[in-house]
Amino acid sequence: MEPAEPAEPAAIVREFWTRMQARDWDGLAALLAEDLVVEWPVSAERIEGRADFVSVNAEYPEGWSIEVIRVVADGETVVSEVEVPHETMGVHRAVSLWTVREGRITGGREYWSALGSDPSPQWRAPFVRPL
């Protein structure tokens, strides 16, 4: 019997967010390469290894949920945008660039920001409208 083909990269990332929302930490770990590296440039942090990535997410203060806004794939590169409202910390958005190889997420760079945390400068007022 032939081994099953790995799932498409976009499906892996969608499942990543499903397992994250479910707090299925073992299931999440199964989607990640052991030597996963994820960078968070906004907070200038780098997470090295599957175990630390799962732990940092499992330890995040409760009260959050995840809504997947979009997932776009081009080969092994997958971009996801999610909204993460939190009961006490407000609403955050993340745009994540994932690398998926052989059915596992091997790396990522995530840009997390609280909505409205970067105030619009006054000079742009004539050209923009609030979201």
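Nothing here was measured: the structure is a model prediction, and the numbers come from that model.

Enquirer: Would you explain the overall build of the protein chain in this entry?
Expert: Looking only at helices and strands, one finds three helices and six strands in the protein chain. Written out in order from the N terminus, the α and β elements of the protein chain read α-α-β-β-α-β-β-β-β. For the C-alpha atoms alone, the extent of the protein chain along its principal axes is close to 65 × 30 × 25 Å. Taken across its 131 residues, the protein chain has 32% of its residues classed as buried.

Enquirer: Which parts of the structure should I look at to understand the pairing of strand E6 (residues 104-114)?
Expert: Consecutive side chains of a regular strand alternate in pointing toward one face of the sheet and then the other. Pairing of strand E1 (residues 32-40) with E6 involves four bridges; the strand directions are parallel. Bridging across to E6, Val37 finds its partner in Gly107. Pairing of strand E5 (residues 90-101) with E6, which is carried by ten bridges, proceeds in the antiparallel orientation. Bridging from a neighbouring strand, Leu97 pairs with Arg109 of E6. As consecutive antiparallel partners, E5 and E6 are separated by two residues, and within that stretch Glu102 has a phi angle of approximately 50°, a positive value.

Enquirer: Would you take a moment to explain the side chain of His86 for this structure?
Expert: Among the structural elements, His86 can be located in strand E4 (residues 77-86). By relative accessible area, His86 is classed as buried at 9%. Reaching out from His86, the side chain makes a polar contact with the backbone oxygen of Pro61 at a distance of 3.1 Å. Once residues lying within four places of it in the same chain are set aside, the contact partners of His86 are Tyr60, Pro61, Glu62, Gly63 and Trp64.

Enquirer: Just checking my understanding: could you explain the pattern of salt bridges for this structure?
Expert: Note that side chains of opposite charge can pair when their charged atoms are close. All chains considered together, the criterion is met by ten salt bridges. Here Arg19 makes a salt bridge to Glu15, at a shortest N to O gap of 2.8 Å. Taken as a pair, Arg19 and Glu15 lie in helix H1 (residues 9-21) at a separation of four residues, close to a single helical turn. Across the pair Glu81 and Arg93 runs a salt bridge whose closest N-O atoms are separated by 3.6 Å. With Glu81 in strand E4 and Arg93 in strand E5, this pair connects stretches of sequence that are twelve residues apart. Each of Glu39, Arg46, Glu48 and Arg109 takes part in salt bridges that share partners, so that together they form one network.

Enquirer: When you look at the nonpolar core in this model, what are you seeing that I'm missing?
Expert: Inside soluble globular proteins, nonpolar side chains tend to come together where they are buried. With 26 residues, the main nonpolar core has Phe16, Met20, Phe53, Trp98 and Ile105 as its most contacted residues. Counting residues per element, the ones that place at least two in this core are H1, helix H2 (25-30), E1, helix H3 (50-58), E4 and E5. Per element, the largest residue contribution to this core is five residues, and it comes from H1.

Enquirer: What am I meant to see in the environment of Pro41 here?
Expert: Relative to the helices and strands, Pro41 resides in the loop between E1 and strand E2 (45-48). The spacing of Pro41 and Glu110 is 69 residues in sequence and 7.2 Å in space, taken between C-alpha atoms. Excluding its chain neighbours within four sequence positions, the residues that come into contact with Pro41 are Arg109, Glu110 and Tyr111.

Thresholds, definitions, all that
Residues numbered from 1 in each chain as written. Predicted model: local features only at pLDDT ≥ 70, side-chain atom pairs only at ≥ 80, totals over all residues. Heavy atoms only, no water. Helix = DSSP H or I, 4+ residues; strand = E, 2+ residues; numbered from the N terminus. Buried < 20%, exposed > 50% of the residue type's maximum accessible area, 1.4 Å probe, protein only. Pairing = 2+ DSSP bridges. Polar contact = N/O pair within 3.5 Å; in protein donor to acceptor, adjacent residues only side chain to side chain. Contact = heavy atoms within 4.5 Å. Salt bridge = Lys/Arg side-chain N within 4 Å of Asp/Glu carboxyl O. Core = buried A, V, L, I, M, F, W, Y, C linked by side-chain atoms within 4.5 Å.

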